[in-house]
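Fold and geometry: a report
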Amino acid sequence: MKFNEEIARRRTFGIISHPDAGKTTLTEKLLLFGGAIQEAGAVKSNKIKKGATSDFMEIERQRGISVATSVLAFEYDGIKINILDTPGHKDFAEDTFRTLTAVDSVIVVIDVAKGVEEQTEKLVEVCRMRNIPIIVFINKLDREGKDAFELLDEIEQKLSLKVTPLSFPIGMGYDFKGIYNIWEKNVNLFSGDSRKNIEETIENEDLQSSELEELIGTDAAETLREEIELVEGIYPSFDKQAYNDANLQPVFFGSALNNFGVRELLDCFVSIAPTPRAKQSDTRLVKPDEKEFTGFVFKIHANMDPKHRDRLAFIKIVSGKFERNVPYLHVRQGKKLRFSSPNAFFAEKKEIVDTSYPGDIVGLHDTGNFKIGDTLTEGEELNYKGIPSFSPEHFRYINNADPMKSKQLYKGIDQLMDEGVAQLFTLELNGRKVIGTVGALQFEVIQYRLEHEYNAKCSYENLNVYKACWVEAKDPKSEEFKDFKRVKSKFLAKDKRNQLVFLSDSQFSLQMTQQKYPNVKFHFVSEFD
Ligand code: GDP
């Protein structure tokens, strides 16, 4: 197959949702359609149960699963689909944010009864910032839920999206009869008895025909006609360009558990979802069909096998072909590296591959060369942008609990930070180390991993910090900035990239500081132009 055809048949996306909306179930049904797995239950839920915070085995299990399901690839209708896993647990949100830098589109799963939830809002906001095309799947239609129009309103308002339904439910919950597929113009009937059977699809080009009454009854047919008329009146008709530009979001309804509405979603997805997109680097926009290989690291995972302490760096290929055993430039380190066993991912297994294409993810064995955000090229000096760190929510001093093992401790902390488990800040005043995390769970993960992987012990000490802000001075030589650095010296630290960070202890003091120093900018994200 030609290079351009390989690119054109790739769809790389992520499924995002608030926990429990049905992301795992939907992933599994998609894989079933692709023939990638044979039975339900094969995809492990990648979540931590409530209350398991102190259960270290649970953390290990979680890590093991998230390696296994990091990328799930399958073929459907000649299309190569790469699903990138995004942890739903909010303590791992940063991992999800980074994964979103490697997707070309997303599917958002929403629970019909719960509507738009907190995690959905946060994740969709990140997608909006990056102009990622979104398809919405409203799940659990077999249960009582919110009215369809009410939900569409909620999605538009809370998620600031512009929606257009491509399917519409006929009844809901106990009365759920099926779906009218606006995209394909047909009726999908839900078999009410067992509620487990695969649907029946009936072509219905003309909603006015009396066939509809025979299928779903007089009342339901009347209601459906009215509702579809309303849909056509209220919502813009689907436009592929608008969807691709992230200006319009198609919505599907269904029930993942019952495998209802999933094939329709998948068929529409493969026909409209974007092929691998161009990506901005610090020097130029790189297009996927360029001859020379470029890619970037968006995730690093420690190896689960204790005999092999190496790590797996996940690279998204942006342009060109990635080939086994060819030396590539590690731009940050300025040295060439070759990889003898790059892994490609298929449903649940990984295999060594010779050639991968734009849109694909390869896993490279790494002995400590990579950091999240690193770029690989055939020789060009460019760096991909857009993997910022967000201000952590929790902060603690980290201390060495075993003075004989300080070398191990620092190496461990260094590598865990490269993986993006948490962020390290070094106080300017006294050199003390502060760990910042998105969730409290990470502190335990770090402690556990330092002990088991690096043979080092740490302890924590509380520290009152509200937010970490990356500081930018309009004029670093100004008296104002000097004054700021002097007065606030107790609260200043450097991050891993040596950028100056202000650790403010309360919202109030942050506001006061902003007012007092109008020419100093405080950013909640580490990357700014
Ligand atoms: P995740 O946390 O988003 O990955 O959610 P899961 O896929 O693990 O689903 C959470 C729960 O919702 C599980 O108990 C599923 O069986 C259930 N579930 C998923 N889809 C449906 C559906 O269409 N209908 C019903 N009634 N339950 C569902």
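Residues numbered from 1 in each chain as written. Predicted model: local features only at pLDDT ≥ 70, side-chain atom pairs only at ≥ 80, totals over all residues.

Details of the domain arrangement of the protein chain
- In terms of domain boundaries, the protein chain breaks down into domain 1 (3-179 + 240-274), domain 2 (280-377) and domain 3 (394-523).
- Domain 2 and domain 3 are separated by 29 Å when their C-alpha centres are compared.
- Counting residues at the interface gives seven residues for domain 2, matched by five residues for domain 3.
- The residue inventory of the side of domain 2 that touches domain 3, partitioned by class, reads four nonpolar, one polar and two charged. (Domains from an automatic or database assignment. Contact = placed C-beta atoms within 7 Å. Nonpolar A, V, L, I, M, F, W, Y, C, P; charged D, E, K, R; others polar.)

Some thoughts on the nonpolar core
- Counting 97 residues, the largest nonpolar core has Val106, Val108, Val136, Phe137, Val297 and Ile315 as its most contacted members.
- Ranked by the residues each element gives to this core, the list is headed by strand β15 (residues 311-319), at six residues.
- In this structure, this core is formed jointly by two domains, domain 1 (3-179 + 240-274) and domain 2 (280-377), each of which donates at least three residues.
- Residues Ile398, Val445, Ala456 and Phe491 belong to the second largest nonpolar core, which totals 30 residues. (Core = buried A, V, L, I, M, F, W, Y, C linked by C-beta atoms within 7 Å. Buried ≥ 20, exposed ≤ 12 C-beta atoms within 10 Å, placed from the backbone. Helix = DSSP H or I, 4+ residues; strand = E, 2+ residues; numbered from the N terminus.)

Section: the site of the ligand
- The environment of the ligand is formed by 19 residues, the closest being Lys23, Thr24, Thr25, Ser255 and Leu257.
- The leading source of residues in the shell around the ligand is helix α2 (residues 23-33), at three residues.
- Along the lines of polarity and charge, the residues of the shell around the ligand split into four nonpolar, nine polar and six charged. (Near = placed C-beta within 6 Å.)

A word on the pairing of strand β7 (residues 167-170)
- Along β7, one buried face is formed by Ser167 and Pro169 and the opposite face, lined by Phe168 and Ile170, is buried too.
- Two strands pair when backbone bridges link them, and β7 and strand β8 (residues 178-181) are joined in this way by four bridges, in the antiparallel orientation. Bridged to Phe168 within β8 is Tyr180. (Pairing = 2+ DSSP bridges.)

Things to note about helix α5 (residues 118-129)
- Its 12 residues place the ends of α5 17 Å apart at the C-alpha level, agreeing with the 16 Å of an ideal helix rising 1.5 Å per residue.
- Three or more residues of α5 are buried, namely Thr120, Leu123, Val124 and Cys127. All buried residues of α5 lie within an arc of 100° about the axis, which places them on one face of the element. Residues Glu118 and Glu125 are exposed on α5 and point more than 90 degrees away from its buried face.
- Along its buried surface, α5 packs onto β1 (10-17), α4 (93-99), β4 (105-111), β5 (134-139) and α6 (148-159).
- The positive-phi residue at the C-terminal boundary of α5 is Asn131, with phi of around 55°. (Expected span 1.5 Å × (residues − 1). Arc of directions from axis to C-beta.)

Some points on helix α11 (residues 406-418)
- For α11, spanning 13 residues, the distance from its first C-alpha to its last is 18 Å, which sits close to the expected 18 Å at 1.5 Å a residue.
- Within the span of α11, buried status applies to Leu409, Gly412, Ile413, Gln415, Leu416 and Asp418.
- Where α11 is buried, its residues meet β14 (294-302), β24 (394-400), β25 (423-427), α12 (441-454) and β27 (458-462).
- The first or second residue beyond α11 is Gly420, which carries a positive phi of 85°.

With respect to the sheet that holds strand β31 (residues 520-523)
- Read across the sheet, eight strands follow the order β27-β24-β26-β25-β29-β30-β28-β31 without closing on themselves; strand pairing throughout is antiparallel. Both outer strands of the open sheet, β27 and β31, are each paired with one neighbouring strand and no more. Between one strand axis and the next, the sheet turns through 40° on average, direction left out of account.
- Across two bridges, β25 lies against strand β29 (residues 492-494) in antiparallel orientation. Of the residues in β29, the one forming a bridge with Thr426 is Lys494. (Axes fitted to C-alpha atoms, helices over the stretch in contact; angles between N-to-C directions.)

As for the sheet that holds strand β11 (residues 249-253)
- Across the sheet, seven strands lie side by side as β2-β3-β1-β4-β5-β11-β6; this open sheet has mixed pairing. Of all strands in the sheet, those bounded by a partner on one side alone are β2 (71-76) and β6 (163-165). Between one strand axis and the next, the sheet turns by 25° as a mean value, whatever way the strands run.
- In the sheet, β5 pairs with β11 via three bridges, with the strands oriented parallel. Looking at the pairing, Phe137 lines up with Phe252 of β11.

A word on the packing of α2 against helix α10 (residues 262-272)
- Contact geometry of α2 with α10 gives a least axis separation of 10 Å together with a crossing angle of 70°. In terms of axis orientation, α2 runs roughly perpendicular to α10. Contacts from Leu26, Lys29, Leu30 and Phe33 of α2 reach α10 at Val262, Arg263 and Leu266.
- Taken together, the residues of the contact of α2 with α10 sort by class into five nonpolar, no polar and two charged. (Parallel < 35°, antiparallel > 145°, perpendicular 65-115°, else oblique.)

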